[in-house]
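Take a look at the letters that make up each chain.
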Amino acid sequence: HACTRAALTSTYHTQIDRFTMRVLSVIVSALGVATAAAATASIQTESACAMVDGDTYVFADMHDGDQKQVAIEGDIMTITPYGNDETWTTSAHYCSKMCTASIDFNVEGKPSPPPCNLTATVYELTNPSAAGMAAIGYTDPSGTITDDPTFPLNYWIMISV
């Protein structure tokens, strides 16, 4: 069961390492949050994910330098390009308990997909002076890209609803 696999993988994600916190702090600061040091990222559990059934958000992809739209419908996460002429789509089971999905970007039309499925973990960036916003962190649990399954490969930061 995909949610069970996600639960095993999520043990690596429950504590965000210092490097990830520095990356998130830089990203939040770049987005103009008044007190980046106060910004935190936390994984939501027990169906308290930053994205739930019916949500559709647009994200800035820090690695590709473009935008992606992510929608949650039931237990399916669907990702499509946004704001460009690409037409690919990928969908995966979304575990709303662990806020994760195993994403296969190797789909027709997707330029330069990663060589393996990536674990997408939905986080909520929070700041005392602003409403929270979603972020999606990507890791490689297979060890194909990096030996450390907790090493952050990419982050997408929500830019609009």
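That block above? That's the structure.
Calculation criteria
Residues numbered from 1 in each chain as written. Predicted model: local features only at pLDDT ≥ 70, side-chain atom pairs only at ≥ 80, totals over all residues. Heavy atoms only, no water. Phe/Tyr/Trp six-rings, centres within 6.5 Å; stacked < 30°, edge-to-face > 60°. Buried < 20%, exposed > 50% of the residue type's maximum accessible area, 1.4 Å probe, protein only. Helix = DSSP H or I, 4+ residues; strand = E, 2+ residues; numbered from the N terminus. Pairing = 2+ DSSP bridges. 1 Å grid on protein atoms, 1.4 Å probe; cavity = no way out; pocket = protein on both sides within 12 Å on 5 of 7 lines; lining within 4 Å. Points joined across faces, edges and corners; volume = space filled by probe spheres on them. Nonpolar A, V, L, I, M, F, W, Y, C, P; charged D, E, K, R; others polar.

1. Thoughts on the packing of aromatic side chains
Then, number 1: All told, the structure shown has seven aromatic pairs when counted by the stated rule.
Then, number 2: Considering the side-chain rings of Tyr57 and Phe59, the 6.4 Å spacing of their centres and the 65° angle between planes classify their relative orientation as edge-to-face. Here Tyr57 and Phe59 have matching classes, each one buried.
Then, number 3: By the ring-pair criterion, three or more aromatic residues cluster together here, those being Tyr57, Phe59, Trp88, Phe105, Tyr138 and Trp156.

2. Quick notes on the pairing of strand β7 (residues 118-127)
If a strand is regular, its side chains alternate between the two faces of the sheet.
Then, number 1: The buried count for β7 comes to eight of 10 residues, which makes it a mostly enclosed element.
Then, number 2: Here four bridges tie strand β6 (residues 100-103) to β7, and the two strands are oriented antiparallel to one another. By the bridge assignment for β7, Thr100 is matched with Thr121.
Then, number 3: Where β7 lies against strand β8 (residues 130-139), eight bridges are found, and the strand directions are antiparallel. Looking at the pairing, Tyr123 lines up with Ala135 of β8.
Then, number 4: A loop of two residues connects β7 with β8, the two strands running antiparallel in sequence.

3. Focus: the layout of surface pockets
Then, number 1: Approximately 280 Å³ is the volume found for the largest pocket.
Then, number 2: Forming the boundary of the largest pocket are 16 residues, of which His63, Asp64, Pro114, Leu118 and Asn154 lie nearest the centre.
Then, number 3: For the lining of the largest pocket, the residue count by class is nine nonpolar, three polar and four charged.

4. Quick word on the pairing of strand β5 (residues 90-95)
Then, number 1: Sheet topology places strand β4 (residues 76-82) next to β5; four bridges connect them, and they run antiparallel. Opposite Thr78, over in β5, you have Ser91 as the bridge partner.
Then, number 2: Note: β5 against β6, two bridges, orientation antiparallel. Across the sheet, the residue bridging to Cys95 is Thr100, located in β6.

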